[in-house]
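Fold and geometry: a report
Below, each chain spelled out in residue letters.
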Amino acid sequence: MTLDISRIPTPCYVLEEEKLRANLNLMEQVQQASGGKIILALKGYAMWSTFPIIREVLHGCTASSLNEARLAAEEFGKEVHVYAPAYTDAEFPEILKLAHHITFNSFNQWAKFGQRALAAGVSCAIRVNPQVSEVAVDMYNPCGSTSRLGVTPEEFQPEALEGIEGLHFHALCECGAESLERTLAAFEQHFGQWIPQMKWINFGGGHLMTREGYDLELLIRLVKEFRERYDVEVYLEPGGAVGWQTGPLVASVLDIVHNNMDIAILDTSAAAHMPDVLEMPYRPKVRHAGEPGEKPFTYRLGGNTCLAGDVIGDYAFDKPLQTGDKIVLEDMIHYTFVKNTTFNGVNLPSLAIWTANDQLRMIRTFGYQEFKNRLS
Ligand SMILES: Cc1ncc(COP(=O)(O)O)c(C=O)c1O
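Predicted model only: the values in this text are computed from it and were never measured.

Let us now look at the overall build of the protein chain. Across its full length, the protein chain carries eleven helices and 17 strands. At 22 Å, the protein chain has a C-alpha radius of gyration in line with the 21 Å of a compact globule built from 376 residues. Evaluated residue by residue, the protein chain yields a buried proportion of 53% over its 376 residues. In the protein chain, the proportion of contacts linking residues at least 24 apart, taken out of those at least 6 apart, comes to 66%. Of the roughly 16800 Å² of accessible surface on the protein chain, a fraction of 48% belongs to carbon and sulfur atoms. Taking the average place of the 32 positive charges on the side chains of the protein chain and the average place of its 47 negative ones, the gap between the two points comes to 4 Å.

Quick look at the structure:
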């Protein structure tokens, strides 16, 4: 299977089906060997046209909002888990109609909504904060010193646990299994005495098990031993790992300008279409391009909005870029189109699937209606 870039209209995210299937095969091995259940975190990957493929393997979805819960129920089926930092009076009854598992971020929220959830037959959990920082960047560290995410050991209320069947922690982001090992040790140290009375423990997301070099054996051992030690069900809820390296964002060069250096303006935008590039920040890989100066022709790749900082980075190419050339930004399927905006009114890139038998399926193109409908 080779993605034929010349056939892709730009800008367009192209999900490569075979790569998604390869990630899912690996996840299936983890489930089989560990006995843990993997669910898809929709916040990271919500291309619902691929849910029929994903539900062959994963046990359901985890949603962060009513809208995601509805998408999970309508398009994925299977188990619907919900966790949000706080629920609203208006939305909670709707969430109850969709969810099988709900995690509360505080004992206040549990006190406020718990009885209604139990009456609806939902399995309830408390999110705890194991207070171990495996993620260096504060923006992505759920266990920072003032994090609002999860109950700290000091705030834990054992006397309020009646009706609670699960504990949930989420402490990782693009981490290895060694990080999970340390996190589990902290989780057990702080909350271990309450684990035996639980039915399930959710180890959250951030397990980048589909990254080359990830220690799958360690992950499998940790999950299996934990399950056996406490006789509980274990969930993992990765988002990024499902869409990891499953396809690019393909863009075109619209113009080349010069101001102290050569600058290519693309028909996409870091700010609107790859927000993590600016937020994290990180430097995406560009196909056939190197570090500045590494190849003869260096360009700054910039987006098509008025934001001065809408810049993807500086990249070197073998040949001078021309208007109309395609630029392939690698690994742009997770945490991209789920976060997109129509800032400046720039169109959202299309969504496509490159199928296992080399067909291009254009799933969706976007236009004025998507821009207008978000405004009034
Ligand atoms: C509670 C929770 N679960 C799961 C995830 C998914 O994490 P990842 O996509 O890094 O696997 C996140 C990400 O922020 C999260 O906050």
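From this point, things continue past the structure.
This paragraph deals with the site of the ligand. Neighbouring the ligand are 13 residues, the closest being Gly-206, Glu-237, Gly-239, Gly-240 and Tyr-335. Residue Lys-43 places a side-chain N or O atom 3.0 Å away from an oxygen atom belonging to the ligand. Summarising the interface, the protein chains cover 85% of the accessible area of the ligand, which totals 390 Å² for the free molecule. When grouped by side-chain class, the residues that make up the shell around the ligand number four nonpolar, six polar and three charged.

Glancing now at the UniProt feature "domain: Orn/DAP/Arg decarboxylase 2 C-terminal" (unreviewed entry) in the protein chain. UniProt records the feature "domain: Orn/DAP/Arg decarboxylase 2 C-terminal" (unreviewed entry) for residues 215-332 in the present numbering. Between the end C-alpha atoms of residues 215-332 the distance is 24 Å, and the span holds 24% helix and 31% strand.

Pairing in this open sheet of nine strands is parallel, and the strands run E2-E10-E9-E8-E7-E6-E5-E4-E3 from one edge to the other. Looking along the sheet, the strands with just one partner apiece sit at the ends: strand E2 (37-38) and strand E3 (40-41). Pairing of E3 with strand E4 (residues 60-63) involves two bridges; the strand directions are parallel. Along E4, the bridge assignment pairs Leu-40 with Cys-61.

Within the sequence span of helix H3 (residues 66-76), burial applies to Leu-66, Glu-68, Ala-69, Ala-72 and Phe-76. Buried residues along H3 sit against E3, helix H2 (51-54), E4, strand E5 (79-83) and helix H4 (92-98).

Right, let's talk about the UniProt feature "binding site: substrate" (unreviewed entry) in the protein chain for a bit. Within this numbering scheme, the UniProt entry marks Asp-276 as carrying the feature "binding site: substrate" (unreviewed entry). Look at Asp-276 and you get buried, because its relative accessible area is 11%. Once residues within four sequence positions are removed from consideration, Asp-276 is found in contact with Tyr-140, Pro-281, Tyr-282, Tyr-335 and Lys-339.

Before going further, it helps to spend a moment on the packing of helix H1 (residues 17-34) against helix H7 (residues 216-230). Direction vectors running N to C along H1 and H7 enclose 35°, while the axes themselves pass 8 Å from each other. In the crossing of H1 with H7, the sense of the turn from one axis to the other is right-handed. Of the residues in H7, those in contact with Leu-26, Val-30, Ala-33 and Ser-34 of H1 are Leu-216, Leu-219, Ile-220, Val-223, Lys-224 and Arg-227.

This paragraph deals with the layout of surface pockets. In this structure, the second largest pocket occupies an estimated 820 Å³ of space. Lining the second largest pocket are 25 residues, and of these Ala-46, Trp-48, Phe-337, Val-338 and Phe-366 sit closest to its centre. Looking at the lining of the second largest pocket, the elements with two or more residues in it are H3 and strand E17 (360-364). Of the residues forming the lining of the second largest pocket, the biggest block, three residues, is contributed by H3. Split into classes, the residues belonging to the lining of the second largest pocket amount to 13 nonpolar, six polar and six charged. Each of two domains, domain 1 (5-12 + 245-373) and domain 2 (17-243), supplies a minimum of three residues to the lining of the second largest pocket.

Time to look at the pairing of strand E13 (residues 297-302). Relative to E13, strand E12 (residues 262-266) runs parallel, the two being bridged by three bridges. Residue Ala-264 lies in a different strand from E13, and its bridge partner there is Leu-301.

Our focus in this paragraph is the domain arrangement of the protein chain. What the domain assignment reports for the protein chain is domain 1 (5-12 + 245-373) and domain 2 (17-243). Computed from C-alpha atoms alone, the centre-to-centre distance between domain 1 and domain 2 is 32 Å. Contact residues are listed per partner, giving 19 residues for domain 1 and 20 residues for domain 2. Summed over both partners, the interface of domain 1 with domain 2 buries about 1600 Å², with 63% contributed by carbon and sulfur atoms. Contact with domain 2 buries surface across domain 1, with Thr-246, Met-280 and Tyr-335 losing the most and accounting together for 32% of the total. Put simply, domain 1 and domain 2 have zero salt bridges between them. Inspection of the domain 1/domain 2 interface yields seven residue pairs in polar contact (both at pLDDT 80 or more). Counting only elements with at least two residues in the side of domain 1 that touches domain 2, the list comes to helix H10 (275-279) and strand E16 (350-354). With four residues, the top contributor of residues to the side of domain 1 that touches domain 2 is E16. Taken together, the residues of the side of domain 1 that touches domain 2 sort by class into eleven nonpolar, four polar and four charged.

Calculation rules
- Residues numbered from 1 in each chain as written.
- Predicted model: local features only at pLDDT ≥ 70, side-chain atom pairs only at ≥ 80, totals over all residues.
- Heavy atoms only, no water.
- Helix = DSSP H or I, 4+ residues; strand = E, 2+ residues; numbered from the N terminus.
- Rg over C-alpha atoms; globule rule 2.2 N^0.38 Å.
- Buried < 20%, exposed > 50% of the residue type's maximum accessible area, 1.4 Å probe, protein only.
- Contact = heavy atoms within 4.5 Å.
- Areas by Shrake-Rupley, 256 points an atom, 1.4 Å probe, with all protein chains shown as cover.
- Lys, Arg positive; Asp, Glu negative; His and termini not counted.
- Charge placed at Lys NZ, Arg CZ, Asp CG, Glu CD.
- Near = heavy atom within 4 Å.
- Polar contact = N/O pair within 3.5 Å; in protein donor to acceptor, adjacent residues only side chain to side chain.
- Nonpolar A, V, L, I, M, F, W, Y, C, P; charged D, E, K, R; others polar.
- UniProt positions renumbered as here; feature names shortened; annotations may be inferred.
- Pairing = 2+ DSSP bridges.
- Axes fitted to C-alpha atoms, helices over the stretch in contact; angles between N-to-C directions.
- Left-handed = near helix turned anticlockwise from the far one by under 90°.
- 1 Å grid on protein atoms, 1.4 Å probe; cavity = no way out; pocket = protein on both sides within 12 Å on 5 of 7 lines; lining within 4 Å.
- Points joined across faces, edges and corners; volume = space filled by probe spheres on them.
- Domains from an automatic or database assignment.
- Buried area = accessible area lost by both parts, 1.4 Å probe.
- Salt bridge = Lys/Arg side-chain N within 4 Å of Asp/Glu carboxyl O.

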